[in-house]
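# Analysis of the macromolecular model
Below, each chain spelled out in residue letters.
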Amino acid sequence: MSQPPSFEPYQPTWTQPAAEPSPPAGSSGRGRTAALVTAVIVLIVALAAAGTVAVVQTTRLEATRDRATELADEVAARDARIESLESGAAAAPDTPVDPLEDLFGAGPDELLDALEGLLEDGGILDGDDPFGGDLGGLLQGPQADTSGCLTDLEDIDDITGDTVAEQITSSLDAVEAIRGEEFPGALDPAILTSEEVRDRIEEEIDSGYSAEAADIDLAMLSAIGAIPPGTDLRETQTELLGDQVAGFYDPDTEELVVRSDDATDELDIAGLLTLVHELEHALADAVIGLPALDDNPGDEDGALAELAIVEGDAVALQTIATAVAVSPGDLLGLLSDPDLLAAGAGLDEVPPYLASSLTFPYVAGPTFVCNAYAEGGWDAVDALLQAPPATTAEVLFGEPVDPVDPEPLTGPEGHELVEERTFGAAQLSWLFAAPGGDISQALDDPVEQVRGWQGGRISLWRPADTTEAGGDVVALSFVDGGGLCDAVTEWWQRTEPRLGDRVGTIVCRGDQVMVGVADDEETAMAALGG
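Residues numbered from 1 in each chain as written. Predicted model: local features only at pLDDT ≥ 70, side-chain atom pairs only at ≥ 80, totals over all residues. Heavy atoms only, no water.

Scanning the chain from N- to C-terminus turns up 19 helices and 10 strands. Of the contacts formed within the chain by residues at least 6 apart in sequence, a portion of 76% connects residues at least 24 apart. Accessible surface, the chain: about 21,400 Å² in total, of which carbon and sulfur atoms supply 46%. (Helix = DSSP H or I, 4+ residues; strand = E, 2+ residues; numbered from the N terminus. Contact = heavy atoms within 4.5 Å. Areas by Shrake-Rupley, 256 points an atom, 1.4 Å probe, with all protein chains shown as cover.)

This part takes up the state of the cysteines. Disulfides are covalent bonds that link the sulfur atoms of two cysteine residues. Applying the stated rule across the entire model yields 2 disulfides. What pairs with C149 in a disulfide is C370, and their sulfur atoms sit 2.1 Å apart. The chirality of the disulfide connecting C149 with C370 is left-handed, given an S-S dihedral of about -100°. A residue pair is termed long-range when its members are at least 10 positions apart, and C149 in the loop between α5 (133-136) and α6 (164-179) and C370 in helix α14 (residues 352-386) qualify at 221 residues. In this pair, the class of C149 matches that of C370, namely buried. For C485, the disulfide goes to C508, at an S-S distance of 2.0 Å. Residues C485 and C508 share a disulfide whose torsion about the S-S bond is about 100°; that sign makes it right-handed. Placement of the pair is C485 in helix α18 (residues 484-495) and C508 in strand β9 (residues 503-509), with a sequence separation of 23 residues. The connectivity of the disulfide bonds within the chain can be written as 1-2, 3-4, using the sequence rank of each bonded cysteine. (Disulfide = S-S within 2.5 Å. Buried < 20%, exposed > 50% of the residue type's maximum accessible area, 1.4 Å probe, protein only.)

Bringing unusual backbone geometry into the picture now. A positive phi is found at D152, a non-glycine position, where the angle reads about 50°. A positive phi angle is found at E254, which is not glycine, with a value near 60°. A relative accessible area of 51% places E254 in the exposed class.

Moving on, we come to the sheet that holds strand β8 (residues 473-480). With antiparallel pairing, 5 strands are arranged side by side in an open sheet as β6-β7-β8-β10-β9. Each having just a single partner strand, β6 (415-422) and β9 make up the two edges of the open sheet. Put simply, the sheet's adjacent strands are angled 15° from each other on average, direction ignored. As defined by bridge partners, β9 adjoins strand β10 (residues 512-518) across 7 bridges and the pair is classed as antiparallel. Pairing of T505 across the sheet is with G516, part of β10. Helix α8 (residues 211-223) contacts β6, β7 (453-463), β8 and β10 of the sheet and is inclined by roughly 115° relative to β7. (Pairing = 2+ DSSP bridges. Axes fitted to C-alpha atoms, helices over the stretch in contact; angles between N-to-C directions.)

The next point concerns the side chain of S477. Assignment of secondary structure puts S477 in strand β8. Looking at S477, the relative accessible area reads 1%, which means it is buried. Look past the residues within four positions of S477 in its chain and what remains in contact with it is P406, L409, G455, G456, R457, V513 and M514.

The next subject is the packing of aromatic side chains. Under the criterion given, the structure shown has 5 aromatic pairs. Consider the rings of F360 and W430, whose centres lie 5.9 Å apart with planes at 65°: the pair is edge-to-face. On the criterion of sequence distance, the pair formed by F360 in helix α14 and W430 in helix α16 (residues 425-433) is long-range, its members being 70 residues apart. Three or more aromatic residues joined by ring pairs make a cluster, and in this case those are Y353, F360 and W430. (Phe/Tyr/Trp six-rings, centres within 6.5 Å; stacked < 30°, edge-to-face > 60°.)

Let us now look at the environment of H281. On the secondary structure map, H281 appears in helix α10 (residues 269-287). Through-space distance from the C-alpha of H281 to that of Y249 is 6.9 Å; in sequence the pair is 32 residues apart.

The next subject is the pattern of salt bridges. Evaluated as defined, the whole model comprises 15 salt bridges. Residue D206 is joined to R234 by a salt bridge in which the shortest nitrogen-to-oxygen separation is 3.6 Å. Of this pair, D206 sits in helix α7 (residues 194-208) while R234 sits in helix α9 (residues 233-244), and the two are 28 residues apart along the sequence. We classify D206 as partly exposed; its relative accessible area is 47%. (Salt bridge = Lys/Arg side-chain N within 4 Å of Asp/Glu carboxyl O.)

Across soluble globular proteins, nonpolar side chains have a tendency to be buried as a group. Residues I224, F423, L428, L431, L476, F478 and W491 are the most contacted members of the largest nonpolar core, which totals 110 residues. At 15 residues, α14 tops the list of elements feeding residues into this core. (Core = buried A, V, L, I, M, F, W, Y, C linked by side-chain atoms within 4.5 Å.)

This paragraph deals with the packing of α6 against α10. Angle between the axes and distance between the axes are the two parameters that describe a pair of packed helices. Between α6 and α10, the shortest axis-to-axis distance is 10 Å and the interhelical angle comes to 55°. Here α6 lies oblique to α10, going by the angle between them. As α6 packs across α10, the resulting crossing turns out to be right-handed. Note on element contacts: α10 touches α6 through L272, L275, V276, L279, E280, L283 and A284, opposite Q167, I168, S171, L172, V175 and R179. Counted by class, the contact of α6 with α10 contains 9 nonpolar, 2 polar and 2 charged residues. (Parallel < 35°, antiparallel > 145°, perpendicular 65-115°, else oblique. Left-handed = near helix turned anticlockwise from the far one by under 90°. Nonpolar A, V, L, I, M, F, W, Y, C, P; charged D, E, K, R; others polar.)

Spanning 25 residues, helix α11 (residues 300-324) covers 36 Å between terminal C-alpha atoms, matching the ideal 36 Å at 1.5 Å per step. Of all the 25 residues making up α11, 25 are buried; the element is thus mostly covered by neighbouring parts of the structure. (Expected span 1.5 Å × (residues − 1).)

Quick look at the side chain of E419 now. With respect to the helices and strands, E419 occurs in strand β6. The class of E419 is buried, set by a relative accessible area of 1%. For E419, the side chain forms a polar contact with the side chain of R421, separated by 2.9 Å. (Polar contact = N/O pair within 3.5 Å; in protein donor to acceptor, adjacent residues only side chain to side chain.)

Have a look at this one:
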């Protein structure tokens, strides 16, 4: 089966792969937007690496300032010696006190002070996480820890170039040097304007995410309080991704695209890092092969885990490139770019659950991949691409989880099963982080609360006779490895009051945790076999 293209922003919860080109309704009828598999979102491409790298660059600038001070002392001593020898002769030519100022556009002191300002109290990177301070507000939930990728760094030539063509060549050289691999063939990255990228996204959503699939997603997600009733998922996805997609790579066509509205002469630093990110997708695909995310349409959790590795790999290399091939001056400009920070505002305008589904692969994935990289380098990362984790629980907690199917549910009498798919630990944590879509109601440490997840599923039934009264019935069911019943119960108590006329019930029986949602409590209980 061919692999879908690769736009970095991919919503595994609203778009899933289709089993056949024109599948029937049901679990095989969810066409995933093909081009949304390996794209990169504007905010993440530039900032996922920058928080941790700022610390690395600060250390480098400290060394640069120390060296500049040494040079200044040497120059002063030489000038004094010249004066004493020439006794009144013409003074020696002036020598810059900061000889690296022309290279960085500012002296080491100024650059170091600026970077330290980003890291100190109130700075954009202030906080215990790599993305603390103001930046933390743009990315909901836990943030990526890419420190495992920043050990034993080796310097390479900076990514430079006075033209786009020169920048592409320089970026290719950087990716190959960091990866220790060479591209087996020629690449011809394309530069598209924002309008052109939006047009491509709209085309992909129109062709790959049907109104029927969106209606099923809406019924399931609104029933559990993940999104408001009436949300137009196709429009929401089009608008959000139109603002967020910075580039994409298509494994089927080997097309690589970077978004830039002003690339007549050269790409800015955000565009260069987008290019590096997508080049790593292309190189990994050519040398190792990217996971086929559409192999099992019903396993949404497994597809999300695989996507986290694909994106984690690209962000890992992007992180290293930012550390060793981007000048401190460029990094400073990147972190203070108001247009870049404004790109994150769009995430605040969608339900938290959808924002989390967008950012998860770029946050949890890099942390998992960089931990593997710290242990075994690129060989360990290659092994992950060849055999990705089976669940998002493994991505979150670093330990393999052999998922167990919850007990089958037959649904209420007179209803037929319309859709059923896995529901993973990551998705459950997004519910815990915003019960009923309200982040003020979040459970304490939502990710830790899902540690007991051992398997999960979400199911949708609809009346077999459409002329009879009665609405959709949705059930969540989980296998509890410890503590999950209490967490799900607390989440449901905070969620149900926000569901309007919908009612539900929760049942914990042995290691089974089940939540049924319907128009009335009797039907909700019947969905759980009660």
